[in-house]
Amino acid sequence: MSFALTFRGASGEVTGSCFEVAAAGRRFLVDCGLVQGDRDADERNRAALSRGDARLDFVIVTHAHIDHTGLLPRLARLGYRGQVHATPATCDLLGVMLPDSAHIQEKDAEWAREREARRGRRDAGDDEPLYTIKDAQQALRLLEPVGYGTVFAPAPGITACFRDAGHILGSSIVELWIERGGGAKPFKLVCSGDLGQPGRPVLPDPTPIAEADALIVESTYGNRLHRTLAETYDEFSSVLSGVLPRGNVVVPAFAVGRTQEVLHVLADLARQGRVPPLNVFVDSPLATAATEITIKYAQTLDRESRDLAAWQSRHPERMRVRFTETPDDSKAINAIRSGAVIIAASGMCEAGRVRHHLRHNLPREECAVVFTGFQAQGTLGRALVDGAKTVRLFREELPVRATRHTIGGLSAHGDQAALLGWLAGFRSPPQRTFVVHGERETQVGFAALVRERLGWPSVEAPERGLRVLF
């Protein structure tokens, strides 16, 4: 038996996760993610899939984030009608995330047509969206939910199992067993997906895995350590206490996972009396829906999260949370000059309502922007983190006078120590390990670190497009 593994995305970058496996006479994908942030992102997303991918046997997705799932509607648009396997929580989250992503695609195409029409281009109507809401709905019909710990057979000769990755609600590590024939032990491929940080609020720690013949592991923060949760609380409380009496705090946050964790930390700081009474706005319809889904799966959250939610319901005066529903509700926030904590998507400031709040608050030195997650190269968030003095928003050059803070302890990704700790849980090194989902320097450096620290002999940092034969 031989099989091929092709790295179609998330190699030398932290978006566009997609790995193709051809084995046992079948061809399938693990993840089908959107490229985000790159200047050529739209071109790459349009070229990422072909008509031939409509004949894939199945797809497995590790979790709901758009950089892992955002091309599923594109795949459906091209004619794919096979199953897409994911955990139940991931399926529920995709029910709101994929239509939301499709809405953005349609709006971007509409704006592109209008822009080209203003320039007098005759074929301005040719700018079509990457996919539509109709395509997203078709993709949702393909979802096949499978719970953690359930071994299932997506195709003859292949079995799989999801394990909790502790990254966001429903996130998973994927174990795959591929039959070799002749009575030989199946070949085991493990895909880490995105791994969470141990000891983080809300979600359990990533599940340890004992063995694999081949391993694909992420490296988003493979070059650094997060601050401790105690340090994170100290910095966040300091920013809130110092800024809110005279300005606002804007928190760009992914609607799924990060928003719910930020709310947890804010509530905990309020419970401890470390911040003044908080006036919090969650300005994202998607985040509202994701929070409702999180409540649905409350039994999967840690005990501390459940206790904190109960405390908050008894003490609304310590932290008032309002979920905006309409564009007018969102615009009304911009009239608030101080005392507001504004949580809005997107997490990298590339789209969504957060850009409007940045427009109103970045020029004000009495305000602050708090980043709680990774900012990919080429994104507005990365420019702000790197200290940009001015940024361009809505065709306007804006001065950046607000203070900027990066609070790494809330990252949904495990840091270098967490990744090494998870890898150390293997009883013996896999025959081959592939480090992915990291900027190129980080990816290469973490591969070298695994070889050095753990003594693993075969650890590689594949480039996009590499095809490996086993």
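From a predicted model like this one, the values you see are computed outputs, not experimental measurements. (Residues numbered from 1 in each chain as written. Predicted model: local features only at pLDDT ≥ 70, side-chain atom pairs only at ≥ 80, totals over all residues. Heavy atoms only, no water.)

(A) Focus on the overall build of the protein chain. Along the protein chain, the regular secondary structure elements total 14 helices and 22 strands. The C-alpha atoms of the protein chain give 22 Å as radius of gyration, which agrees with the globular expectation for 470 residues (23 Å, within 12%). Along the three orthogonal principal directions, the C-alpha set of the protein chain runs to about 70 × 60 × 40 Å. Going through the 470 residues of the protein chain one by one, you find that 57% of them count as buried. When contacts within the protein chain are restricted to residue pairs at least 6 apart in sequence, long-range pairs at least 24 apart make up 75% of them. (Helix = DSSP H or I, 4+ residues; strand = E, 2+ residues; numbered from the N terminus. Rg over C-alpha atoms; globule rule 2.2 N^0.38 Å. Buried < 20%, exposed > 50% of the residue type's maximum accessible area, 1.4 Å probe, protein only. Contact = heavy atoms within 4.5 Å.)

(B) Looking closely at the nonpolar core. Counting 101 residues, the largest nonpolar core has Phe-236, Leu-266 and Ile-343 as the members making the most contacts within it. The contacts of Leu-266, once residues within four sequence positions are left out, are Phe-236, Leu-240, Leu-278, Val-280, Met-319, Val-341 and Ile-343. (Core = buried A, V, L, I, M, F, W, Y, C linked by side-chain atoms within 4.5 Å.)

(C) Looking closely at unusual backbone geometry. A cis amide bond links Ala-345 to the next residue, Ser-346, at an omega of 15 degrees. The phi dihedral of Arg-395 is positive, around 60 degrees, even though this residue is not glycine. Structurally, Arg-395 can be placed in the loop between strand 17 (390–393) and strand 18 (396–399). For His-437, which is not glycine, the phi torsion reads 50 degrees and is therefore positive.

(D) Seen up close, the sheet that holds strand 16 (residues 368–371). Read across the sheet, six strands follow the order 14-13-15-12-16-19 without closing on themselves; strand pairing throughout is parallel. Each having just a single partner strand, strand 14 (319–323) and strand 19 (403–406) make up the two edges of the open sheet. On average, adjacent strands in this sheet sit at an angle of 20 degrees to one another, irrespective of strand direction. As judged from the four bridges shared by strand 13 (residues 278–282) and strand 15 (residues 340–344), these two strands associate in the parallel manner. Bridge assignment links Val-280 to a residue of strand 15, and that residue is Val-341. Packed onto the sheet, helix 11 (residues 354–361) meets strand 12 (249–252), strand 15 and strand 16 and runs at close to 150 degrees relative to strand 12. (Pairing = 2+ DSSP bridges. Axes fitted to C-alpha atoms, helices over the stretch in contact; angles between N-to-C directions.)

(E) Structural detail: the environment of Trp-177. Locating Trp-177 in the fold gives a position in strand 9 (residues 172–178). Judged by relative accessible area, Trp-177 falls into the partly exposed class, the value being 21%. Considered as a pair, Trp-177 and Ile-216 are 39 residues apart in the sequence and their alpha carbons are 14 Å apart. Filtering out sequence-adjacent residues up to four positions away, Trp-177 remains in contact with Gly-157, Ile-158, Thr-159, Ala-160, Cys-161, Pro-186, Phe-187 and Lys-188.

(F) View of the layout of surface pockets. Here the second largest pocket is characterised by a volume of approximately 580 Å³. If you trace the second largest pocket, you find 23 residues lining it, with Thr-291, Ile-295, Ser-305, Ala-309 and Gln-312 closest to the centre. Only helix 7 (258–271), helix 8 (285–296), helix 9 (303–314) and strand 14 provide two or more residues apiece to the lining of the second largest pocket. For the lining of the second largest pocket, the element with the most residues is helix 9, which contributes six residues. Partitioning the lining of the second largest pocket into residue classes produces twelve nonpolar, eight polar and three charged. (1 Å grid on protein atoms, 1.4 Å probe; cavity = no way out; pocket = protein on both sides within 12 Å on 5 of 7 lines; lining within 4 Å. Points joined across faces, edges and corners; volume = space filled by probe spheres on them. Nonpolar A, V, L, I, M, F, W, Y, C, P; charged D, E, K, R; others polar.)

(G) Just the sheet that holds strand 21 (residues 459–460), in detail. Read across the open sheet, the seven strands follow the order 7-8-9-10-11-20-21; overall the sheet is mixed. If you trace the sheet from one side to the other, it starts and ends with strand 7 (152–155) and strand 21, each paired once. Relative to strand 8 (residues 158–164), strand 7 runs antiparallel, the two sharing two bridges. Counted as the bridge partner of Phe-152 is Ala-160 from strand 8.

(H) Quick look at the state of the cysteines. Applying the stated criterion across every chain, the model contains zero disulfides. Free of any disulfide, Cys-161 has its nearest neighbouring cysteine sulfur in Cys-191, separated by 13 Å. Since its relative accessible area comes to 0%, Cys-161 is described here as buried. The thiol sulfur of Cys-367 is not disulfide-bonded, and the nearest other cysteine sulfur, from Cys-349, lies at 15 Å. Overall, the relative accessible area of 1% leaves Cys-367 in the buried class. (Disulfide = S-S within 2.5 Å.)

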